[in-house]
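Working through the structure, step by step
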Amino acid sequence: MNATMLKSAVDAGRFDEIFTTLYGAEHVPAQRRRYIKTIDEFAKLFGGEREISLFSVAGRSEISGNHTDHNCGRVLAASIDLDIIAAASPRDDLHINIQSEGFPIDNVDITNPTVDESLYYTSKSIISGMCSGFLKYGHKVGGYDAYTTSNVFKGSGLSSSAAFEDMVGLILNGFYNDGSVDNAEIARIAQYSENVFFGKPSGLMDQTACAVGGFVAIDFRNPTAPVIEKLPFDLSAAGYSLCIVNTGGNHANLNDDYASVPAEMKKVASYFGKSVLREVTLDEILANIPKLREFAGDRAIMRAIHFENENERVVMQTEALRRGDLDAFFAGVMESGDSSFKYLQNVYTVKNVKEQGLSLALCLTDMTLHGKRAAWRVHGGGFAGTLQAFVAEDAVEHFKTSLESAFGKGSVTILKVRPYGAIRII
């Protein structure tokens with residue numbers, strides 16, 4: 001359909017069923033307007049008489065497995081109802097043009113996609129890397145024009161960059177591979193793009209959770225071929241929302257804090273002649289604490305103990321979600337948060353102990369939800385930024401009001417876990 005026909009179809013409710021699944025019935029009118037605006041913006045830039053397709057890729061939330069993936073551990077994650085959407089149309093040449101709302105347009109020649117270090121940390125490098133990855137793994141590529149807009153806000157720990165990577169691949173898959181590349185494969189290619197072309201040595205959790213959808217358990221024992229399991233659990237049907245609290249912390253100068261976590265874990269592993277903690281047991285760590293204190297330091301030992309326990313906790317929580325045991329799952333969330341605060345120690349930076357927004361948010365959440373059937377913990381990498389809480393629908397507004405009184409209007413985002421990650425709408 002061209003722009004006029006596609007807008008009419010959206011406005012007439014042709015896509016309301018999938019919009020309801022992705023965003024919830026109450027948000028369908030707003031999503032209609034959002035998609036129509038996206039189509040309009042595409043038509044202004046690239047022409048409205050072309051055949052236009054619509055795509056969506058979810059943001060993601062780390063549910064459990066805090067700082068485990070970089071040591072080949074286990075992770076629980078979920079896709080959310082904030083997403084990046086695109087209107088796109090194929091071209092008859094080998095150029096990809098992507099206009100992301102609020103950013104300069106990216107024009108990329110994909111005739112021979114190669115690494116260009118001068119383009120590190122740019123969206124152009126991601127586009128080239130996705131095309132290179134598709135070719136590397138035996139898939140087809142081709143040119144297209146796209147307009148994208150995203151409500152996966154940056155700095156929230158919800159993976160706006162991974163969603164963009166998956167979107168580039170989703171469109172390639174739809175236009176040139178007849179949808180034959182599964183979403184887990186798109187995620188693996190996205191990691192390749194980010195590592196090799198973008199210049200960032202990231203894990204695979206973000207891309208996988210954004211692409212696969214729903215709750216997903218990932219085992220990174222073999223990081224080149226992780227075991228991915230989509231879990232049949234519906235958080236909304238259980239009567240709960242996922243709330244993200246942005247404490248407004250300053251992320252500047254935290255690189256050393258983030259880097260210290262995997263470095264210290266791997267330092268402990270190296271004592272045993274191993275490269276990552278997944279190759280070391282908890283019993284081995286406990287039996288060697290006196291020597292490890294000298295070799296790696298006390299904090300490194302506690303972080304290693306966190307890793308070992310968190311890894312097993314993910315197994316327990318995965319089993320709980322399989323059988324729909326919300327109480328057991330929530331217990332794991334609380335244990336993860338407790339371990340993250342006390343042993344992993346990623347709730348605030350020791351460089352500035354006066355700024356402890358996450359600690360304060362955890363304190364206020366505890367007071368607000370005490371005695372209720374709920375769970376909460378630090379969200380993502382930590383040190384500054386966001387907290388996550390699983391809150392019953394009838395308590396969400398009170399929770400939102402209470403936390404926003406401390407951190408400001410708009411600091412609490414109410415999310416749903418959606419069943420689809422990367423999806424072609426039409």
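Report on the accompanying structure. All values derive from a computational prediction rather than experimental measurement.

Right, let's talk about the overall build of the protein for a bit. The helix and strand inventory of the protein stands at 14 helices and twelve strands. Taken along the three principal axes of its C-alpha coordinates, the protein extends 70 × 50 × 40 Å. By the burial criterion, 56% of the 426 residues in the protein qualify as buried. When contacts within the protein are restricted to residue pairs at least 6 apart in sequence, long-range pairs at least 24 apart make up 73% of them. Across the protein, the mean location of the 41 positive side-chain charges is 2 Å away from that of the 52 negative side-chain charges.

Now for the nonpolar core. Ranked by internal contacts, the top residues of the largest apolar core, which has 46 residues, are Tyr144 and Ile171. With ten residues, the single largest contributor to this core is helix α5 (residues 160-176). Counting residues in hydrophobic clusters, the runner-up holds 27 residues, among them Ala78, Ile80, Tyr240 and Phe330.

Disulfides are covalent bonds that link the sulfur atoms of two cysteine residues. Inspection of every chain in the model, using the stated rule, returns zero disulfides. The closest cysteine sulfur to the non-disulfide-bonded Cys363 is located on Cys243, 18 Å from its own sulfur. Taking relative accessible area as the criterion, Cys363 reaches 39% and is therefore assigned partly exposed.

Here the focus is the pattern of salt bridges. Considering all chains together, one arrives at 27 salt bridges under this definition. Between Glu229 and Arg322 there is a salt bridge, with the nearest N and O atoms lying 2.8 Å from each other. Taken together, the residues span a long stretch of sequence, with Glu229 in strand β7 (residues 227-231) and Arg322 in helix α11 (residues 298-322) at a distance of 93 residues. Under the relative-accessibility criterion, Glu229 is labelled partly exposed at 27%. In this structure, Asp327 and Arg373 form a salt bridge, with 2.8 Å as the shortest nitrogen-oxygen distance. Taken as a pair, Asp327 in helix α12 (residues 326-344) and Arg373 in the loop between α13 (357-369) and β9 (375-378) lie far apart in primary sequence, 46 residues in all. The exposure class assigned to Asp327 is partly exposed, which follows from its relative accessible area of 45%. We classify Arg373 as partly exposed; its relative accessible area is 44%. What you see here is one network of salt bridges that share partners, running through Arg50, Arg91, Asp93 and Asp145.

Attention now goes to the packing of aromatic side chains. Scanning the entire structure with this criterion turns up 20 aromatic pairs. Seen in terms of ring centroids, Phe42 and Phe46 are 5.1 Å apart; in terms of plane orientation they differ by 50°. Their pairing is tilted. Note that Phe42 and Phe46 are positioned in helix α3 (residues 28-46) at a spacing of four residues, about one turn of the helix. With relative accessibility at 0%, the residue Phe42 sits in the buried group.

Attention now moves to the packing of helix α4 (residues 123-136) against α5. Viewed as axis vectors pointing N to C, α4 and α5 meet at an angle of 45°, and their least axial separation amounts to 10 Å. Considered as vectors, α4 and α5 are oriented oblique to each other. As for the relative orientation of α4 and α5, their crossing is right-handed in sense. For the pair α4 and α5, the contacting residues are Ser123, Ile126, Ile127, Met130, Cys131 and Phe134 in the first and Phe164, Glu165, Val168, Gly169, Leu172 and Asn173 in the second. By residue class, the composition of the contact of α4 with α5 is eight nonpolar, three polar and one charged.

Calculation rules
Residues numbered from 1 in each chain as written. Predicted model: local features only at pLDDT ≥ 70, side-chain atom pairs only at ≥ 80, totals over all residues. Heavy atoms only, no water. Helix = DSSP H or I, 4+ residues; strand = E, 2+ residues; numbered from the N terminus. Buried < 20%, exposed > 50% of the residue type's maximum accessible area, 1.4 Å probe, protein only. Contact = heavy atoms within 4.5 Å. Lys, Arg positive; Asp, Glu negative; His and termini not counted. Charge placed at Lys NZ, Arg CZ, Asp CG, Glu CD. Core = buried A, V, L, I, M, F, W, Y, C linked by side-chain atoms within 4.5 Å. Disulfide = S-S within 2.5 Å. Salt bridge = Lys/Arg side-chain N within 4 Å of Asp/Glu carboxyl O. Phe/Tyr/Trp six-rings, centres within 6.5 Å; stacked < 30°, edge-to-face > 60°. Axes fitted to C-alpha atoms, helices over the stretch in contact; angles between N-to-C directions. Parallel < 35°, antiparallel > 145°, perpendicular 65-115°, else oblique. Left-handed = near helix turned anticlockwise from the far one by under 90°. Nonpolar A, V, L, I, M, F, W, Y, C, P; charged D, E, K, R; others polar.

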